[in-house]
Amino acid sequence: MFRLQSSKVLAVEMTGDAVKAKNGSMVAYDGDMAFKKLTGGGDGIRGMVTRRLTGEQMTVMEVRGRGICWFADRASDINLVGLQGDTLSVESSNLLATDGGLRTGTVFTGLRGASQGNGLFTTTVEGHGQVAIMSDGPAVLLRVSPQYPLTVDPGAYVAHQGNLRRSLQSGVTFRTLLGEGGGEAFQMRFEGDGLVYVQPSERNTIGGDV
Amino acid sequence: MPFREINSKVVEAAVVPGRRLFSQRGAMLAYRGEVAFTPSTTGGQGGLRSMIGRRVAGEDTPLMTVEGSGTVLFGHGGHHIQVIDLSGDTLYVEADRLLAFEGTLEQGTMFLGSQGGVMGMVRGQVSGQGLFTTTLKGHGSVAVMAHGGVIEIPVTPRRPVHVDPQAYVAHHGEVRNKLSTALGWRDMVGRGSGEAFQLELSGSGAVFVQASEEKL
Amino acid sequence: MSTYGTPGAGPRPGVTVHDPTTLPSDDNVDPYTFCVELAGSRWFLQKGKMIAYYGTIDFNGVGHGRLDRIVRTSFHSPLHASDWVVAEGTGRMLLADRAFDVNSYDLEEGNLTIRSGNLLAFQPSLSLKQSIVPGFLTLIGTGKFVAVSNGPVVFMEPPLRVDPQALVGWADCPSPCHHYDHGYMTGVLGGLRALTGLGGASGEEHQFEFVGAGTVLLQSSESLMPEQATGVTPQQAGVPGGGGSGAHGQGTGAPRLPGQLGDLQRRFGL
């Protein structure tokens, strides 16, 4: 059972069940808890490739026990999302915790620079249960519908769900004087029907010059 | 109530003659009136012994005496501030988290994790965190800083609380503390790291935990 | 058409979902996000602060040829062109900056001086000038601008002394002057610090003093947001920071930031 103890602290009440959480994000617990290190990125070959790509950043732990466990990470704001058989896509570094029964997998979603460490990795979470995602500042939820497509700065993108097409656009509407601005700006475009979570802050990505 | 919370990151203190305050150096944001800030090595009434204690403990955060007549705004680095009122009991808090406190409180130093014995030593040396912590005792208010705000978790005799030492801010009440590990915890974080231990608090009181594993 | 939202799924109840019809116009969405409505109009924004938008909006670097005229009328500060962009088009865009608090201010034939790093966006009806205080910018005229602060802004009225690092800006009152706490500086420890250089400077030794009628804006910050280049000041005698012949022996050293003690120790004979 996930609830927010404060806007930046997640409390999970457990009765013998398990949650998966970002490694090192436990700040306190009462009762009895056992911790187990999991390797990130889900199972199978795709998970292996992902682990190779993302390195330690994706390390996940499993916490199992009875009592309350509190999670927080670098004073990030926490947003709860309920899944009922649908899929949530979340920028991997923004995933804090999921119910133990949810399935996760990670894909590299683009922007050049897997090797430079500033690309985007998206984790998909599927099944029935709760997910806690983090944002730097409280996330703003924006609805995308056919008449209202949305453009997002990749550095502010946190997560999306629903029937959405996501595409990366480079420098389409961004012009600067030659030599100013230092390269192209990437933007993320969403079309279809669904929800997008953006944070009031920008990660350092190669895009986002606007 | 000498401290009034203006917002989550700024507190206002009324300074009146005869009732001095102590604050961390650099914590003053603005003031009005005739207020004097004087560096103080001893801080509080702890005297020489507590001064040596702090020196040993590396808890020698420079404090200032704030005296006079006026209004002072305190804040630091955009950190969240929690005001804790003490009515006779003792607050245990790391010195660098102290933003300001009333001069009526008696300041001291205490060995944290003493019941942990050898483990306590290991923790302090490995993680580089203070083995000692500052104690404030008596009647008065304390303004404490935390990264991302704090939550207060009650400690009751039947429910001890385990806290990540990095996220620990302060505790009060009749609480015993020791260092412990949970099942699987050391294998997970690695034996060599200071994070291999958790602070176990038992008894009755409350512990303040911040929403981050970052030290200030 | 926005049919998404199966009962029980999605965000928990009570969380607001926005779309272009519910987003505010030129107002805060929450304390950390500001929504600008563009209807063929323009806004200046600091680069990198747009987080999302609906509609058709173009972003052009300041200095882009077509914008020469508007830049001429709004920018009277030799700002580095690459730090600012002009947004124009139709739609709603969200602005935010490192999860700092965001506030908008309306000026009516007024003036407000603000730390350069705290200014996020402004309407072209305002003109932006360099303040005589290094590192600060002055907005003059009528219009709206958006500023960020570390924690909510605290509004205070003079008389007041402020730690330079906590100062966001001021409106209507005369420029501040320096105030040095002589007692703090000359005390045993102050002297020790001056001799050894240990401990650095903090707001307790040196403040900005405000007097007169007006409003002073404060934030909880000792660690400053990075300052935006306000451009160089003319190399001219009598201009603070200009490094002209009038400057007193500072030579070619880096411009002194507010909050640094500089040659203060010497002045106190320490």
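Going by an unreviewed UniProt entry, chain B carries the name AIM24 family protein and comes from Streptomyces prasinus.

**Student:** Residues and numbers for the overall build of chain B, please.
**Tutor:** If you tally the helices and strands in chain B, you get three helices and 13 strands. Taking the contacts inside chain B whose residues are at least 6 apart along the sequence as the reference set, 82% of them involve residues at least 24 apart. Carbon and sulfur atoms provide 51% of the accessible area of chain B, an area that totals close to 8300 Å².

**Student:** So what's going on with the overall build of chain A? Residues and values would help.
**Tutor:** Scanning chain A from terminus to terminus reveals one helix and 13 strands. Written out in order from the N terminus, the α and β elements of chain A read β-β-β-α-β-β-β-β-β-β-β-β-β-β. Classification of the 210 residues of chain A by burial places 60% in the buried group. Sequence separation of at least 24 residues holds for 79% of the intrachain contacts in chain A that already meet a minimum separation of 6. Carbon together with sulfur atoms contributes 48% to the accessible area of chain A, which is approximately 7900 Å² in total.

**Student:** Lay out the environment of Val10(B) in plain terms, naming residues and giving numbers.
**Tutor:** For Val10(B), the position within the fold is in strand E2 (residues 10-15). Separated by 170 residues in the primary sequence, Val10(B) and Ser180(B) place their C-alpha atoms 36 Å from one another. With sequence-adjacent residues up to four places away left out, Val10(B) is seen in contact with Arg4(B), Glu5(B), Leu29(B), Leu73(B), Phe74(B), Ile81(B), Val154(C) and Ser220(C).

**Student:** Describe the interface of chain A and chain B, listing the residues and the values that go with them.
**Tutor:** As a measure of interface size, the accessible area lost when the parts come together is often cited. With 26 residues of chain A at the contact, the number on the chain B side is 24 residues. Both sides of the chain A and chain B interface together cover about 2000 Å² of buried area, and 63% of this is carbon and sulfur. Of all residues in chain A, Val27(A), Tyr29(A) and Phe35(A) bury the most surface against chain B, accounting for 28% of the area lost on that side. Taken together, chain A and chain B are joined by one salt bridge. Of the charged contacts, one joins Asp30(A) and Arg159(B) as a salt bridge, the two residues approaching to 3.2 Å between their closest N and O atoms.

**Student:** Could you give an account of unusual backbone geometry, with specific residues and numbers?
**Tutor:** Cis peptide bonds are those with omega within 30 degrees of zero, and the linkage from Pro158(C) to Pro159(C) qualifies with 0°. Position of Pro159(C) relative to the elements: it lies in the loop between strand E11 (154-156) and strand E12 (160-162). Even without glycine at this site, Ala75(A) takes up a positive phi of about 60°. Classification of Ala75(A) as buried rests on a relative accessible area of 13%. Positive phi, normally seen in glycine, also occurs at Arg98(C), with a value near 45°.

**Student:** Outline the packing of aromatic side chains, supporting the account with residue identities and numerical values.
**Tutor:** Residue and element names in this part refer to chain C. Tallied over the entire structure, the rule returns 13 aromatic pairs over all chains. Both rings, one in Trp 84 and one in Phe 122, keep their centres 5.5 Å apart while their planes meet at 70°; by these two values the pair is edge-to-face. On the criterion of sequence distance, the pair formed by Trp 84 in strand E6 (residues 84-95) and Phe 122 in strand E8 (residues 119-122) is long-range, its members being 38 residues apart. Grouping aromatic residues by their ring pairs yields a cluster made of Phe 44, Trp 84 and Phe 122.

**Student:** Kindly report on the side chain of Asp99(A), identifying the contributing residues and their values.
**Tutor:** Residue and element names in this part refer to chain A. Examined against the element boundaries, Asp 99 turns out to sit in strand E6 (residues 95-99). Separated by 2.7 Å, the side chain of Asp 99 and the backbone nitrogen of Gln 130 make a polar contact. The residues contacting Asp 99, other than those within four sequence positions of it, are Phe 2, Ala 18, Val 19, Lys 20, Gly 129 and Gln 130.

**Student:** How would you explain the pairing of strand E1 (residues 3-7) of chain B if you had to name every residue and give the values?
**Tutor:** Along any regular strand the residues' side chains alternate between the sheet's two faces. All names here are of chain B. Of the strand pairs in this sheet, E1 and E2 are connected by four bridges, and their pairing is antiparallel. Within E2, the residue paired with Arg 4 across the bridge is Glu 12. Count of turn residues in the E1/E2 antiparallel hairpin: two residues.

Criteria and cut-off values
Residues numbered from 1 in each chain as written. Chains lettered and ligands numbered in written order. Predicted model: local features only at pLDDT ≥ 70, side-chain atom pairs only at ≥ 80, totals over all residues. Heavy atoms only, no water. Helix = DSSP H or I, 4+ residues; strand = E, 2+ residues; numbered from the N terminus. Contact = heavy atoms within 4.5 Å. Areas by Shrake-Rupley, 256 points an atom, 1.4 Å probe, with all protein chains shown as cover. Buried < 20%, exposed > 50% of the residue type's maximum accessible area, 1.4 Å probe, protein only. Buried area = accessible area lost by both parts, 1.4 Å probe. Salt bridge = Lys/Arg side-chain N within 4 Å of Asp/Glu carboxyl O. Phe/Tyr/Trp six-rings, centres within 6.5 Å; stacked < 30°, edge-to-face > 60°. Polar contact = N/O pair within 3.5 Å; in protein donor to acceptor, adjacent residues only side chain to side chain. Pairing = 2+ DSSP bridges.

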